[in-house]
Every structure is written in structure tokens, then in C-alpha cells.
Amino acid sequence: MLIQNVVFSLVILIIASLLAEPLARIFRLPFVAFLIIVGFLGSELVVMLGFDTGIRASNFNTMVFYVFLPIIIFESAYRINRLALKENLFVILMLAGPIMLVSAGIAALLIYWGVGHSSGFPIYTALVAGALLVATDPMAVVSHLKRINAPQEVTTLIEGESLFNDAIAVVLFTTLLTLALNQQSASDASFSGWATLLSFLKIFFGGILFGFVCGCLGTFFSYIIKTRILENVLLVSVAYGSFLIAEDTLNVSGMMAVLTAGLIMNKAHEKFIPAEDRVFVNYWWEVISFFANAMIFILLGVTITISMFQERWLAMLIAIAAVLLTRAIAIYGLLPLCAFKLKKPVNEPTKKMLFWGSTRGAVTVALALSLPVELEAWWTIQSMAFGVVLFTLFVQAPTVPRMLQQTHPKHNKSHINLMSRKKD
């Protein structure tokens with residue numbers, strides 16, 4: 001394997017991601033949807049030509065988890081609107097916390113009953129699938145919402161839920177995957193709910209605590225440096241350092257550490273960094289986050305095979321139905337129970353946007369690519385994940401603007417009037 005082949009392949013992928021953007025505008029599809037198409041067609045062409053890219057499927061797990069995901073999570077936390085997040089924090093935490101955990105269980109049961117093969121697809125495997133499929137990704141939807149100037153509440157709820165949801169879903173997925181592999185390796189293994197819960201809490205809160213420490217250290221150095229070039233170097237160090245030490249040394253959640261550190265650095269830079277420097281830093285992080293997201297979706301396209309749709313089409317349909325039904329239960333059943341005492345409850349139009357706008361993307365793909373082949377039915381779970389992601393990107397995301405027009409007609413009219421005045 002030549003390093004030149006790897007670098008050349010990455011350059012081709014980057015160029016392909018640039019070409020996908022204008023095509024997405026022409027066909028009015030999410031940009032990431034075309035990245036998947038580019039990855040799929042590119043991989044098929046490479047196989048036909050017999051070119052060795054140097055990139056191996058066995059490396060996808062390491063590449064995605066240690067290179068791309070820390071950047072995506074940190075960037076989302078660092079650049080989120082803190083004031084809007086604070087106003088909607090309770091609803092966001094309910095959606096990303098207890099509601100997400102219950103949703104993972106409901107989705108797992110629906111998938112388990114739908115597959116109906118307890119020996120080839122046991123309940124532990126279904127739980128892994130449920131945890132994997134509840135991670136939401138607003139990238140495909142928020143780009144549409146921002147372009148049509150959607151209400152701040154809708155955009156913040158979707159972005160905020162995804163920010164916390166993704167990090168928690170990774171912790172849940174890791175815990176349940178370990179449980180499933182242990183149960184699979186020993187037929188007489190006993191299930192300990194308390195042990196699993198304690199393991200989850202240790203990983204979860206341990207990551208938050210370490211992320212807080214990293215964020216405080218980053219704040220201290222940020223106050224000393226006050227140079228925008230070095231601030232970017234510092235942020236990259238905080239993002240990767242918090243993740244790597246948390247995961248590989250402390251055995252706690254690297255995702256929760258990155259999330260916490262990103263939120264703290266968000267507040268620190270608002271206090272210590274001049275506005276013009278923050279614009280520069282935000283632009284830098286927008287660029288590298290774009291690259292990380294693009295690479296993940298291109299890898300999804302590379303991994304997709306025709307045989308998935310030929311052999312696992314029914315599993316894909318079961319997963320899509322389970323995800324949609326679970327989301328409906330979460331938004332229309334569980335959310336009102338958790339937020340009934342709020343002075344400003346979530347209104348019906350916003351609920352519709354939360355239901356239909358909950359697309360799956362980078363984190364779901366990353367978790368699917370990280371599935372070990374030792375897990376029973378790993379390929380079935382991966383096929384389910386890819387099927388759900390493709391459905392949300394090619395069906396849900398493109399129809400979000402039209403739904404916004406239906407659910408928020410007053411806002412839509414004011415936006416049209418504003419655009420017409422700008423043209424005049």
C-alpha cells in the first residue's frame with residue numbers, strides 16, 4: 001500500500017465533493033446526498049479500473065472515530081448559538097436525553113419484532129441497532145432551513161437536539177455493543193442491568209467531567225494567547241486532545257468530553273476574543289467541518305453495494321418504518337409528557353418540523369461503519385443504517401422546505417416579502 005495512493009485518492013475525493021455542491025443546487029437535493037452518489041460511482045469505477053487506493057474498509061472505523069467525528073461534534077458545540085440554546089435548553093435536553101433513550105428501546109423492539117428471527121437477530125443485536133438509528137444529524141436539513149430563513153426556534157431545536165443526541169447516542173451504542181458482544185461470546189452469560197447502567201453512567205459523566213477540565217485549560221490558554229491563528233491551533237488541540245485522552249487513557253466518553261469542551265470554548269471565545277477574530281475562527285471551523293462531513297458521506301457511498309438492496313431490502317424497510325414510528329411516538333407522545341409544565345410549550349407546527357426534519361447522517365454512518373464483523377448480523381444492521389440514511393436524505397430532507405411553508409405560512413410570507421424588497 002503506497003502512501004501516494006492514499007493521498008491521491010483523498011485529493012480526488014475532495015475534488016469530487018466540490019463538484020457535488022453545484023449539482024445539489026441544480027437538482028434541489030441535499031449536498032450530502034450527492035456525496036453518497038459520488039462515493040458509490042467512484043468506488044465502482046475504481047474497482048473496474050483495478051486501481052489500489054490504499055484505503056481499506058477495515059480502516060474506516062479508526063478514520064471516522066479518531067479523525068472526523070471529534071471535529072464534527074466540537075464544531076457543532078463551538079459554533080452553536082448559545083442564547084438560543086439556553087432558551088430552548090430544557091426541550092433539547094429532554095429530546096436528547098430521556099426521550100432518546102426510550103426511543104432507542106422502542107426502535108429496538110420494533111426492529112426485533114419486524115425481523116422476527118431471534119436466533120439470527122437476537123434482542124441484544126436489536127438494541128445495538130436501536131441505539132445506532134436514534135442519532136439525528138441536521139446537516140442536510142439545516143442548510144435548507146437557513147437558506148429560506150426558517151424561524152430561529154425550529155433551527156435551534158433541530159441543531160441543539162442533534163448536538164447532545166449524537167454524543168449520548170455514541171455512549172449508548174458503545175455500551176450496548178459491548179453488552180451484545182459479551183452475551184454472544186458466552187452462551188451462559190448473565191445479563192446485569194445495574195452493571196450496564198453503571199458502566200453507561202461512568203462513561204457518560206466521566207466524559208463530561210474530563211471535557212470540563214479540558215475546556216477550562218483551553219480557556220486559560222485562550223486568555224493568554226489572544227492570537228486568532230494560534231486560537232485555531234488551540235481549538236484543534238482541545239478537540240483531539242480531549243477525545244483521545246478520554247477514550248484511550250481514561251476509558252470514558254470522548255464524545256461527551258469533546259461536546260463539553262466545545263461548549264466551554266464557545267463561551268470563552270465570546271468573552272476573550274474580538275468579534276472580527278471570532279469570524280475568522282468560525283470560518284476555519286466551518287471549512288474543516290465541511291471536509292469531515294464530506295469524507296464521511298463519501299465513505300458511505302464507497303461502502304454501499306448493490307447486494308445490500310438485493311438481500312437486505314426488507315430489513316431496510318423495517319428499519320425505516322421503525323424509525324418513523326418511534327419518532328412520532330417521541331414527538332407526539334413523550335415530548336408533551338416531559339414539557340407539559342413549560343410556559344411556552346412546543347407548538348404543533350414545530351412538532352411537525354421536529355418529526356419530519358429528524359434526518360440521520362454522519363453519526364449514524366460512522367457508527368454503522370464501526371460495527372465489528374464479530375457481531376451477529378452486523379451486515380444487516382449496517383444495511384438498515386444505510387437504508388434509513390438514504391431515505392432521510394433523498395425523501396425527508398428535500399421536502400422539509402415545503403413542510404415549513406405549510407407549518408409556518410406567516411413566516412414564509414414575510415420571508416417572501418423580504419426577498420422581494422431586497423430585489424427591488
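Residues numbered from 1 in each chain as written. Predicted model: local features only at pLDDT ≥ 70, side-chain atom pairs only at ≥ 80, totals over all residues. Heavy atoms only, no water.

> Just give me the short version of the overall build of the chain, but keep the residues and values in it.
Per the secondary structure count, the chain includes 19 helices and zero strands. Residues classed as buried in the chain amount to 51% of the 424 residues present. Relative to all contacts within the chain whose residues are 6 or more apart in sequence, the contacts with residues 24 or more apart total 83%. Per element, the accessible surface of the chain, about 20,000 Å² overall, is 67% carbon and sulfur. (Helix = DSSP H or I, 4+ residues; strand = E, 2+ residues; numbered from the N terminus. Buried < 20%, exposed > 50% of the residue type's maximum accessible area, 1.4 Å probe, protein only. Contact = heavy atoms within 4.5 Å. Areas by Shrake-Rupley, 256 points an atom, 1.4 Å probe, with all protein chains shown as cover.)

> Tell me what's going on with unusual backbone geometry, and back it up with residues and numbers.
Within the chain, N251 stands out as a residue other than glycine whose phi angle is a positive 60 degrees. Positive phi is not limited to glycine here, since A377 has a value of about 60 degrees. With respect to the helices, strands and loops of the structure, A377 is situated in the loop between α17 (362–369) and α18 (378–407). On the accessibility criterion, A377 (22% relative accessible area) is partly exposed.

> Run through the packing of helix α6 (residues 98–115) against helix α9 (residues 152–185), naming residues and quoting values.
Two numbers describe how α6 lies on α9: the axes approach to 10 Å, and their chain directions differ by 50 degrees. Taken as axis vectors, α6 and α9 run oblique relative to one another. You can see that α6 and α9 cross each other, and the crossing is right-handed. Contact residues: α6 offers M100, L101 and A104, while α9 offers N165, I168, A169 and L172. Residues of the contact of α6 with α9, tallied by class, amount to six nonpolar, one polar and no charged. (Axes fitted to C-alpha atoms, helices over the stretch in contact; angles between N-to-C directions. Parallel < 35°, antiparallel > 145°, perpendicular 65-115°, else oblique. Left-handed = near helix turned anticlockwise from the far one by under 90°. Nonpolar A, V, L, I, M, F, W, Y, C, P; charged D, E, K, R; others polar.)

> So what's going on with the packing of aromatic side chains? Residues and values would help.
For any two aromatic rings, the description comes down to two numbers: the centre-to-centre distance and the angle of the planes. Enumeration over the complete set of coordinates arrives at 11 aromatic pairs. Ring geometry for Y66 against F243: centres 5.5 Å apart, planes inclined by 80 degrees, an arrangement best described as edge-to-face. Here F243 lies in helix α11 (residues 228–249) and Y66 lies in helix α3 (residues 60–79), a separation of 177 residues in the sequence. The class of Y66 is partly exposed, set by a relative accessible area of 28%. Judged by centre distance (5.5 Å) and plane angle (70 degrees), the ring pair of F220 and F221 falls under edge-to-face. Ring pairing ties together the aromatic residues Y332, F355, W356 and F391, which thus form one cluster. (Phe/Tyr/Trp six-rings, centres within 6.5 Å; stacked < 30°, edge-to-face > 60°.)

> Which residues make up the pattern of salt bridges, and what values do they have?
Inspection of every chain in the model, using the stated rule, returns six salt bridges. Between E75 and R79 there is a salt bridge whose closest N-O contact spans 2.7 Å. In this pair, E75 and R79 both sit in helix α3, four residues apart, roughly one turn of the helix. Since its relative accessible area comes to 10%, E75 is described here as buried. Here E286 and R79 are joined by a salt bridge, their closest N and O atoms 3.8 Å apart. With E286 in helix α13 (residues 275–303) and R79 in helix α3, the pair connects residues that are 207 residues apart, well separated along the chain. Overall, the relative accessible area of 44% leaves E286 in the partly exposed class. (Salt bridge = Lys/Arg side-chain N within 4 Å of Asp/Glu carboxyl O.)

> Please provide a residue-by-residue account of the confidence of the model for the chain, values included.
For the chain, the average pLDDT comes to 83, and 86% of its residues sit at 70 or higher. By mean pLDDT, the top-scoring element of the chain is α6 (94), and the lowest-scoring one is helix α19 (residues 409–423) (48). For the stretch residues 414–424, pLDDT sits under 50, and the model shows four contacts to residues farther than four places along the chain or on other chains. (pLDDT = per-residue confidence, 0-100.)

> So what about a nonpolar patch on the surface? Which residues, and what values?
Taken together, the side chains of L209, F212, V213, L217, F220, F221, Y223 and I224 define a hydrophobic patch exposed on the protein surface, amounting to about 830 Å² of accessible area. Within the fold, L209 resides in helix α10 (residues 193–225). On the basis of relative accessibility, which here comes to 57%, the residue L209 falls in the exposed class. (Patch = residues over 30% accessible without salt bridge, like charges linked within 9 Å, V, L, I, M, F, W, Y side chains within 5 Å.)

> Please provide a residue-by-residue account of the packing of helix α7 (residues 123–133) against α18, values included.
Packing of α7 against α18 leaves a shortest axis separation of 10 Å and a crossing angle of 25 degrees. Taken together, the axes of α7 and α18 are roughly parallel relative to one another. Considering how the two elements wind past one another, α7 and α18 form a crossing that is right-handed. Facing T125, V128, A129, L132 and L133 of α7, the residues of α18 in contact are I381, M384, A385 and V388. Per-class residue counts for the contact of α7 with α18 are eight nonpolar, one polar and no charged.

> Break down the environment of T392 for me, with residues and values.
Structurally, T392 is set in helix α18. C-alpha of T392 to C-alpha of G357: the two residues are 35 residues apart in sequence and 8.5 Å apart in space. Residues contacting T392, with those up to four places away along its chain left out, are T359, R360, A397 and P398. Within the local environment of T392, its side chain forms a polar contact with the backbone oxygen of V389, the two atoms lying 2.8 Å apart. (Polar contact = N/O pair within 3.5 Å; in protein donor to acceptor, adjacent residues only side chain to side chain.)

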